[in-house]
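Here is what each chain is made of, one letter per residue.
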Amino acid sequence: MSTVIELIESGAKRLEEAGVAFGHGTANAFDEAAWLVLWRLKLPLDDLDGVADRPVSPVDAGKAAALIDERISTRKPAAYLTKEAWLQGVPFYVDERAIVPRSFIAELIADGTIDYWLGEHTQRVLDLCTGNGSLAVLAALTYPEVTVDAGDLSVQALEVAAINVTRHELDSRVRLVESDGLKNLPGPYDLVLCNPPYVNSASMAALPAEYRAEPELALAGGTDGMDFVRQLFADAPSRMSERAVLVLEIGNEREYFEAAFPQLEVFWLETSAGEDQVLLVARDALLKSDGRTQE
C-alpha cells in the first residue's frame, strides 16, 4: 500500500518527465503533484507533514494517479482540474471561463505595501479586468470600509466572479460590471487595481499549452503588450478621485512599458517576483504625462 508522500513523489516524477509547464499556483513538479494528490485524497493542502506517511488504499491511489494522468494529457492548469485556486490563503472557485488567479497585486494588498497611498479618503475601489473576482474579494476583505466595483469585458468571467463574491458573502459590497475597459465604470475611484492583458505578441506565440488553455482575451496585449494599458492611462484620470492611485501589473513587460511611457513617473513595488512586475501610478502623474506615449 502506497503512502501519501510516495504518491506525490511518483506524480512529481511523471510531471517532470512529461515536461508540463508550471506557473498557475505552483512553480515546480513536486508542489504541483502535492496539490493534485492532496486534493484528490481530500486532505488538507497546507499540512503535508502531518499526512505524508499516511497509507492510501489502492483505489484512492488509482484516483490520484488518474488525476496526474489528466494533468499530463490535457495540459490544463491544475486549478482547472480541481476548480479551485488559492491566493494569499483565500480559496477561490475557477474554471476555464476565467484566467487562473495568480496576480502579485494580491501580495501587495495582504502585506500592506500600498497602504501608504491609502487613507480615510479611500472609499471606492475598482478591480479592472477582474477575471474570477479574486482581487476584488481580497480588497473587500482587507479593507472592510470600502465598496468595490469589479469590471471585466467577459460576461463568462463575471459569472465566475459572481460565484466567488457570493462564496465570501460580499454581495452587498462588491458590484460586478460588464465593461470594455472603463467605458461602463464612471467612478470616481480612490484606488484602481488592474491585472490587464499584457503579454506581447511574440510571447503569446511561444506560450506553453497550459497558458493557451486560458482565455486569450485575458492575456494578449498586442505587439508590445501595452494596447490595453495605453487606453487605460488615457481614460483613467477622469475616473479617479483627486488623491487616487492605480496599481498595475505588467508581468515581464517592464522594458516595453518604459518604452511606451517614457515620461510617466511611477513607483515600482517589490513582490516575491522582484521589483519590475507591479507598479503604482498616481492620478497627478497620469495628468502630467498628458497621455504622451510611444506607439
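Worth saying up front: this structure is predicted, and the values here are computed from it rather than measured.

K.L.:
For this particular structure, what's the right way to read the overall build of the protein chain?
P.N.:
Within the protein chain, the secondary structure is distributed over 13 helices and 11 strands. A globule of 295 residues ought to have a C-alpha radius of gyration of about 19 Å, and the protein chain, at 20 Å, matches this closely. With respect to the principal axes defined by its C-alpha atoms, the protein chain has extents near 65 × 40 × 30 Å. Taken over 295 residues, the protein chain has a buried fraction of 53%. Contacts spanning at least 24 positions in sequence make up 69% of the contacts within the protein chain whose residues lie at least 6 apart. By element, 49% of the accessible surface of the protein chain is carried by carbon and sulfur atoms, the whole surface being about 13500 Å². Charged side chains of the protein chain number 25 positive and 48 negative; the gap between the two group centres comes to 5 Å.

K.L.:
Whenever I open this one, helix α2 (residues 29-40) confuses me. Can you help?
P.N.:
An α-helical turn contains 3.6 residues, so any two residues separated by three or four positions project in the same direction. Between its first and last C-alpha, α2 extends 16 Å over 12 residues, near the 16 Å set by a 1.5 Å rise per residue. Those residues of α2 lying buried are A29, E32, A33, A34, W35, L36, V37 and L38. Check the buried side of α2 and you find it contacts α1 (4-18), α3 (48-51), α4 (58-74), α5 (78-82) and β3 (84-87). Where α2 begins, one side-chain oxygen reaches toward the backbone nitrogen of F30, 3.2 Å away; that side chain belongs to N28. One or two residues past the end of α2 sits K42, with phi positive at roughly 60°.

K.L.:
Looking at this structure, how should I read the UniProt feature "domain: Methyltransferase small" (unreviewed entry) in the protein chain?
P.N.:
With numbering matched to this structure, UniProt assigns "domain: Methyltransferase small" (unreviewed entry) to residues 121-202. Between the end C-alpha atoms of residues 121-202 there is a gap of 41 Å, over a span that is 29% helix and 27% strand.

K.L.:
Before we go on, may I ask you to explain unusual backbone geometry in this structure?
P.N.:
If a residue is not glycine, its phi is most likely negative; likewise, a peptide bond is most likely trans. At the junction of G187 and P188, the peptide bond is cis and its omega measures out at 0° in the coordinates. Note that P188 resides in the loop between β7 (174-178) and β8 (189-194). The phi dihedral of Q88 is positive, around 55°, even though this residue is not glycine. Q88 gets classed as partly exposed once you look at its relative accessible area, which sits at 43%. The backbone phi angle of C129 is positive, close to 65°, even though this residue is not glycine.

K.L.:
When you look at the packing of aromatic side chains in this model, what are you seeing that I'm missing?
P.N.:
Taken as a whole and judged by the stated rule, the model has 6 aromatic pairs. Relative to W268, the ring of F257 lies with its centre 5.8 Å away and its plane at 85°, an arrangement referred to as edge-to-face. One end of the pair, F257, is in helix α12 (residues 254-260); the other, W268, is in strand β10 (residues 267-271), and 11 residues separate them in sequence.

K.L.:
What's the story with the sheet that holds β10 in this structure? I'm lost.
P.N.:
In space, the 7 strands of this open sheet follow the order β7-β6-β5-β8-β9-β11-β10, with mixed pairing throughout. Looking at which strands have only one partner, the edges of the open sheet turn out to be β7 and β10. Between one strand axis and the next, the sheet turns through 20° on average, direction left out of account. Inspection of the sheet shows strand β9 (residues 240-249) paired to strand β11 (residues 274-282) by 5 bridges, in the antiparallel sense. The partner of V247 across the bridge, within β11, is L280. In this fold helix α8 (residues 155-167) packs onto β6 (147-152) and β7, with an angle of close to 170° to the strand it touches most, β7. On top of the sheet, helix α11 (residues 227-235) reaches β5 (124-128), β8, β9 and β11; it is set at about 170° to β9, its chief contact.

What counts, and at which threshold
- Residues numbered from 1 in each chain as written.
- Predicted model: local features only at pLDDT ≥ 70, side-chain atom pairs only at ≥ 80, totals over all residues.
- Heavy atoms only, no water.
- Helix = DSSP H or I, 4+ residues; strand = E, 2+ residues; numbered from the N terminus.
- Rg over C-alpha atoms; globule rule 2.2 N^0.38 Å.
- Buried < 20%, exposed > 50% of the residue type's maximum accessible area, 1.4 Å probe, protein only.
- Contact = heavy atoms within 4.5 Å.
- Areas by Shrake-Rupley, 256 points an atom, 1.4 Å probe, with all protein chains shown as cover.
- Lys, Arg positive; Asp, Glu negative; His and termini not counted.
- Charge placed at Lys NZ, Arg CZ, Asp CG, Glu CD.
- Expected span 1.5 Å × (residues − 1).
- Polar contact = N/O pair within 3.5 Å; in protein donor to acceptor, adjacent residues only side chain to side chain.
- UniProt positions renumbered as here; feature names shortened; annotations may be inferred.
- Phe/Tyr/Trp six-rings, centres within 6.5 Å; stacked < 30°, edge-to-face > 60°.
- Pairing = 2+ DSSP bridges.
- Axes fitted to C-alpha atoms, helices over the stretch in contact; angles between N-to-C directions.

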